[in-house]
Amino acid sequence: MTLLLASLAAVISSIVWYLSKTARILHIGTLSLMLWGASLMWLVDAIHEYITLGAAYFTPNAKVMMNDAFLGMSVVVLALVIWFVFVLIHDPMHVIKTRS
């Protein structure tokens, strides 16, 4: 579930970055790279778990799936928070500078 959520967020942010000029100005590429990095990390984790558990990897119980879902959402939210702070610091559209 963590791999699925991180990969889905990475794909969506990549598509938004590719299609929108404003998204490029707002450094969505940085967010996309963070999410692709998380996806790669979860892919390595999934491979390791599959090697360890074998076919049992594909039959998790509900508690494990819920924990993985919360962990995946937490990773996506943390990436969004880091990206938001990055955008606030760089202020690419000069919103903070004009308000001060």
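As shown above, the structure is provided for reference.
Before going into details, it helps to say that this report is about the structure given with it. What you see as residue numbers is a count from 1 along each chain, following the sequence as written. Only residues with pLDDT of at least 70 are given local features in this predicted model, and only at 80 or more are side-chain atom pairs given and counted; all residues enter the totals for whole chains, interfaces and linings. For side-chain calculations, the full set of non-hydrogen atoms in the structure is used, while hydrogens and water are omitted.

As used in this record, nonpolar core signifies buried Ala, Val, Leu, Ile, Met, Phe, Trp, Tyr and Cys residues forming a set joined through side-chain atoms within 4.5 Å. Exposure classes here rest on a 1.4 Å probe applied to the protein chains alone. A residue is buried below 20% of its type maximum, exposed above 50%, and partly exposed in between. Among the nonpolar cores identified, the biggest contains 10 residues, and these are Ala9, Ala10, Ala23, Ile28, Leu31, Leu35, Val76, Ala79, Trp83 and Val87. The numbering of helices and of strands both runs from the N terminus, where a helix is a DSSP run of H or I of at least 4 residues and a strand a run of E of at least 2. Counting residues per element, the ones that place at least two in this core are helix 1 (2-19), helix 3 (28-53) and helix 4 (62-90). A total of four residues in this core trace back to one element, the largest contributor, which is helix 4. Those residues in contact with Ala10 that lie beyond four places of it in its chain are Ser32, Leu35, Trp36 and Ser39. We call two residues in contact when some of their heavy atoms are within 4.5 Å.

Multiply 1.5 Å by the residue count of a helix minus one, and that product is the helix's expected span. In this model helix 3 runs 37 Å from its N-terminal to its C-terminal C-alpha over 26 residues, within 8% of the 38 Å that 1.5 Å per residue would give. Along helix 3, the positions that sit buried rather than exposed are Ile28, Gly29, Leu31, Ser32, Leu35, Ala38, Ser39, Trp42 and Ala46. Looking at the packing, one finds that the buried side of helix 3 touches helix 1, helix 2 (21-25) and helix 4. Just beyond helix 3, the residue with positive phi is Gly54, at close to 75°.

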